[in-house]
Amino acid sequence: MIAYLQSTVEIGFVSGIRTAMAPRTQYAKCGNLSIAYQVLGDGPIDLVYAQGWVSHLEYAWESPDYARFFRRLANFSRLIRFDRRGMGLSDRDVGPATLEERVDDIRAVMDAAGSERAALLGVSEGGYMAAMFAATHPERTAALILCGSYARQSWAPDYPWGITLEDRDAWNTLMEENWGEPFELDQAAPSMAKDEAARSWFGAYLRYSASPGAVRALNDLSFEVDIRGVLPSVQVPTLVLHRSGDRWHSVPEAQYLADHIPGAKLVVLPGDDHLPWWGDQERLVGEVQEFLTGTRNSPPSERVLLTVLVTDIVGSTEKLAAIGDLKWKETLQAHDGVVRRELKNFGGQEVNRTGDGFVLAFTGPTRAIQCARAIIQELSRLGLTMRAGLHTGECERRETDLSGLAVHVASRICSNASPGSILVSNTVKDLVVGSGIGFIDQGMYSLKGVPGEWSLFAVVE
């Protein structure tokens, strides 16, 4: 198979700032079709990631959680991801792919990536093609991992966990009416259902991946697929992973897979999220790593001195009530764009979201204060009032995650800041001596959950 360079290393979409460096997209030829794929990492084992339902190789990287999930897998493998035909960056308008054609896509991508033998990780509906490939190409399959997967979607007397034809049609209608929104996120990942950043990304991810008509055709075909007859033919080491509270597919469906694949191991993990990159992804990835390598390692961490900036929109509830859900959603998207643009301008790092604000990190306190000032000024033009809290302290950094007392202190300082103000700890004030930034002593504060009394200062505007 021949691979072609499709894009440069860095790509950008609507967020205005990259959440991670993405590998280049390449193309494999499968007959007359082009299948998009990416390769990340250089671990000792190849791991082919077969995602279920819909996918978009490049826009997936716009989610910090999904990007972290990929990097974690690539810590111990050479991760090979792809958009199957009809999806994402692969050839579109080709009609829904049969199970045999999906297997052909895997083989074509492995050939193009130079992978003679690989472990397969099939997520949700991706378990169909992964299991079928393992059964028909055991010489090229090192192991099989099925995550949130199932043997069929439709109900049968001997498969009572499936859905009826009427249920499928109703779901399709609901999907077509709501495509473009974060459809079913409250079921697919309940832990993220109220996170505006996650909702915005997920809705866009669905739109980039496929059109409503293509998804309906895919749903109709998948409803007819039944791999129960394939399961006994899977002769490679198999791990079945499932979360106990999965709302899309129940634990008995995972148990069925484990019972009918010879020697398969079932691990039921706590949590309600069907999508593996949300919820406790570290525990899930740890199970995959241990199954494939025999060891389980957490991602490397380091202790580092950082200035943590926590922001919060003042009066968000009242604003929402005044302008309504739709307008508020648009306002939040504009808010996020402002924060991320100024964050990029001042060389900071986005850590995560907190309600209506952000947790940001900087290597120097002066830039953190300057960034906070710029954000407050720009948000005022949108009719939003922001407050900010800063503290400089030692943090534990693990990839893009931060933890440690400094993060909690900054959050508590922010909660004590007045509307439109920037409140900082004494440590921050002392570290910016000579910068020309002025401060007003606000006295001593007790910060909830933080030992001792803290001297806080307001930045002079």
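Criteria and cut-off values
Residues numbered from 1 in each chain as written. Predicted model: local features only at pLDDT ≥ 70, side-chain atom pairs only at ≥ 80, totals over all residues. Heavy atoms only, no water. Helix = DSSP H or I, 4+ residues; strand = E, 2+ residues; numbered from the N terminus. Rg over C-alpha atoms; globule rule 2.2 N^0.38 Å. Buried < 20%, exposed > 50% of the residue type's maximum accessible area, 1.4 Å probe, protein only. Contact = heavy atoms within 4.5 Å. Areas by Shrake-Rupley, 256 points an atom, 1.4 Å probe, with all protein chains shown as cover. Lys, Arg positive; Asp, Glu negative; His and termini not counted. Charge placed at Lys NZ, Arg CZ, Asp CG, Glu CD. Core = buried A, V, L, I, M, F, W, Y, C linked by side-chain atoms within 4.5 Å. Expected span 1.5 Å × (residues − 1). Pairing = 2+ DSSP bridges. Right-handed = clockwise from strand over helix to strand, strands pointing away.

Engineer: What is the right way to look at the overall build of the protein chain in this model?
Structural biologist: When you go through the protein chain residue by residue, the secondary structure sums to 14 helices and 17 strands. The C-alpha radius of gyration computed for the protein chain amounts to 24 Å, which stays within 12% of the reference 23 Å derived for 461 residues, consistent with globular compactness. Oriented by its inertia axes, the alpha-carbon framework of the protein chain measures out at about 75 × 45 × 40 Å. The burial tally for the protein chain puts 55% of its 461 residues in the buried class. Restricting the contact set of the protein chain to residue pairs at least 6 apart, pairs at least 24 apart contribute 72%. When the accessible surface of the protein chain is split by element, carbon and sulfur atoms take 50% of a total near 18,800 Å². Charged side chains of the protein chain number 44 positive and 58 negative; the gap between the two group centres comes to 4 Å.

Engineer: Mind showing me how you'd approach the nonpolar core here?
Structural biologist: General note: in soluble globular proteins, nonpolar side chains tend to be found buried as a group. Membership of the largest hydrophobic core comes to 51 residues, with the highest contact counts inside it found for Tyr49, Tyr66, Phe69, Leu73, Leu241, Trp278 and Leu292. The residues contacting Leu292, other than those within four sequence positions of it, are Ile45, Leu47, Phe76, Ala119, Ala143 and Ile145. In terms of nonpolar packing, the next biggest core, distinct from the first, is built from 44 residues, Cys30, Ile80, Ile106 and Leu120 among them.

Engineer: Is there a simple way to explain helix α2 (residues 99-112) in this structure?
Structural biologist: Helical geometry note: an α-helix holds 3.6 residues per turn, so side chains three or four residues apart project in the same direction. The terminal C-alpha atoms of α2, which comprises 14 residues, lie 20 Å apart, in line with the 20 Å expected from a rise of 1.5 Å per residue. Within α2, the full set of buried residues consists of Leu99, Arg102, Val103, Asp105, Ile106, Ala108, Val109, Met110 and Ala112.

Engineer: Help me understand the pairing of strand β8 (residues 238-243) in this model?
Structural biologist: Successive side chains on a regular strand alternate, one facing one side of the sheet and the next facing the other. Among the six residues in β8, six count as buried, and that is most of the element. Across four bridges, the pairing between strand β7 (residues 141-147) and β8 is parallel. Each bridged residue has a counterpart across the sheet, and for Cys147 the counterpart in β8 is Leu241. Pairing of β8 with strand β9 (residues 265-269) involves five bridges; the strand directions are parallel. What sits directly across from Leu241, in β9, is Val267. As a crossover connection, the stretch from β8 through helix α8 (residues 251-260) into β9 is right-handed.

These figures come from the coordinates and say nothing about function on their own.
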